[in-house]
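Coordinate analysis (summary)
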Amino acid sequence: MNRPTALIADDEEGMRQQLRSRLQDAWPALDIVAEAANGIEAVALAGQHQPDIVFLDIRMPGLSGIEAARMLFNRCHLVFVTAYDQYAIEAFEQGALDYLLKPVGGERLKTTCARLQSLIGQQPSNIERQLSQLLSHHSKPAAKQEYLRWIQAVVGANLRMISTREVLFFQADEKYTRVQTEQSEVLIRKTLKELADELDPNEFWRIHRSTLVRVDAIEEVTRDLRGRQMVRVRNHPELLEVSRGHTHLFQQM
């Protein structure tokens, strides 16, 4: 009997790796045949590999996960992967759409894997109506967003509250995110992508896939001997690299 196959689509490489690892633990027989970094790649790779299951991040460039799902729902079983979003979760729970919450793991993943195992070999459900409703919901003008103002960090046995105004930069550090202030640094479990979605983009710029920096903390931008742009923030000795994809933020350099 052929092993069941799956495709993972998420624009964050770290999230793809995390989901792959968790799926290997929860469902060792599942074969991850491809990974996509955006919705367009997901549709193309699904056509190439014909997976039984596609795990789709909702927010992706090119095509969103919902838009990609409308092109795939009759060919494979779909699971959406999303950060906590109350109206989206309500929409999923009212219909035939399956979902996983980030960070993926725990009993929800086991339940989803068990459900998918029972569906392998069956024709995928016709969820066009639910997808249309979900897409319509996501297309509505968003209410004014309330941006994250406080970071909660567990330090020993204590919970520390850090104002985002104190933060110089955030940096991905394996399974954690480093929060750097002028006085100290702490590690939190929230991913950099989640922070990027929750922070005011006018206050924090993404200068690298692993770094978010507070704009008004930037003291100067220089170039090193290799020609890379490097950011120096106030009252901190570390230089932060600007990746090529983000050099447009400092066009005068």
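Residues numbered from 1 in each chain as written. Predicted model: local features only at pLDDT ≥ 70, side-chain atom pairs only at ≥ 80, totals over all residues. Heavy atoms only, no water.

Named according to an unreviewed UniProt entry, the protein chain is Response regulator originating from Duganella rivi.

1. Examining the UniProt feature "modified residue: 4-aspartylphosphate" (unreviewed entry) in the protein chain
For clarity, the cut-off: UniProt positions are given in the numbering used here, feature names are shortened, and annotations may be inferred rather than shown by experiment. Starting at the N terminus, helices and strands are each numbered in turn, a helix being any DSSP run of H or I of at least four residues and a strand any DSSP run of E of at least two. In this scheme, a residue with accessible area under 20% of its type's maximum is buried, one over 50% is exposed, and one in between is partly exposed, where area comes from a 1.4 Å probe on protein chains only. Contacts between residues were defined by any pair of non-hydrogen atoms, one from each residue, lying within 4.5 Å.
UniProt annotation of "modified residue: 4-aspartylphosphate" (unreviewed entry) refers to Asp57 when read in the numbering used here. With respect to the helices and strands, Asp57 occurs in strand E3 (residues 53-57). Overall, the relative accessible area of 3% leaves Asp57 in the buried class. Discounting chain neighbours no more than four positions away, the residues touching Asp57 are Ala9, Asp10, Asp11, Gly65, Val81, Lys102 and Lys193.

2. Observations regarding the nonpolar core
Definition in use: Definition used in this section: a nonpolar core is a set of buried Ala, Val, Leu, Ile, Met, Phe, Trp, Tyr and Cys residues joined via side-chain atoms within 4.5 Å.
Core analysis: the biggest nonpolar cluster contains 27 residues, and Leu7, Leu56, Leu78 and Phe80 have the highest contact counts within it. For this core, the secondary-structure elements that each account for two or more residues are strand E1 (5-9), strand E2 (31-36), helix H2 (39-49), E3, helix H3 (65-72), strand E4 (77-82) and helix H6 (128-139). Not counting the four nearest positions on each side in its chain, Leu7 is found in contact with Ala34, Ala36, Ala42, Leu45, Ala46, Pro51, Ile53, Val54 and Phe55. Counting 16 residues, the second largest nonpolar core, distinct from the first, contains Ala6, Leu23, Trp27 and Ile53.

3. So, the confidence of the model for the protein chain
Quick reminder of the rule: Predictor confidence is given residue by residue as pLDDT, running from a minimum of 0 to a maximum of 100.
Looking at the protein chain, pLDDT values average 86 and 89% of them are 70 or higher. When mean pLDDT is taken per element in the protein chain, E1 scores highest with 97 and helix H4 (residues 86-94) scores lowest with 56.

4. Let's talk about the pairing of E4
Put simply, the test is: Note on pairing: two strands pair once DSSP finds at least 2 bridges between them. Note on handedness: a crossover is taken as right-handed if, strands pointing away from the viewer, the path from the first strand over the helix to the second is clockwise.
For E4, the buried fraction is high: six of the six residues fall into the buried class. Bridge analysis of E3 against E4 gives five bridges, and the strand direction is parallel. The partner of Val54 across the bridge, within E4, is Leu78. Viewed along the sheet, the connection from E3 through H3 into E4 turns out right-handed. Note that E4 and strand E5 (residues 98-101) share four bridges and pair parallel. Looking across to E5, one finds that Val81 is bridged to Leu100.

5. Some remarks on unusual backbone geometry
A positive phi angle is found at Gln50, which is not glycine, with a value near 50°. On the secondary structure map, Gln50 appears in the loop between H2 and E3. You will see that Asn235, though not glycine, has its phi angle at about 55°, which is positive. The topology assignment puts Asn235 in the loop between strand E14 (229-233) and strand E15 (239-241).

6. Regarding the sheet that holds strand E10 (residues 185-188)
Here is the rule we go by: Between N-to-C directions, angles span 0 to 180 degrees; the directions come from axes that are lines fitted to C-alpha atoms, helices contributing only their stretch in contact.
Overall, antiparallel pairing links the five strands, which are arranged E10-E9-E8-E12-E11 in an open sheet. If you trace the sheet from one side to the other, it starts and ends with E10 and strand E11 (204-208), each paired once. Averaged over neighbouring strand pairs, the angle between their axes works out to 20° when direction is ignored. Pairing of strand E8 (residues 167-173) with strand E9 (residues 176-181) involves six bridges; the strand directions are antiparallel. In the strand pairing of E9, Asp173 is matched with Tyr176.

7. Regarding the packing of aromatic side chains
The condition that has to hold: Only Phe, Tyr and Trp rings take part, Trp by its six-membered ring, and two of them pair if their centres are within 6.5 Å. Stacked means planes under 30 degrees apart, edge-to-face means over 60, and tilted covers everything else.
Inspection of every chain in the model, using the stated rule, returns two aromatic pairs. Each ring, one from Phe170 and one from Phe204, has its centre 5.5 Å from the other, and the planes form 50°; the classification is tilted. Here Phe170, found in strand E8, pairs with Phe204, found in strand E11; they are 34 residues apart in sequence, far enough to count as distant. Residue classification places Phe170 among the buried residues on the basis of a relative accessible area of 0%.

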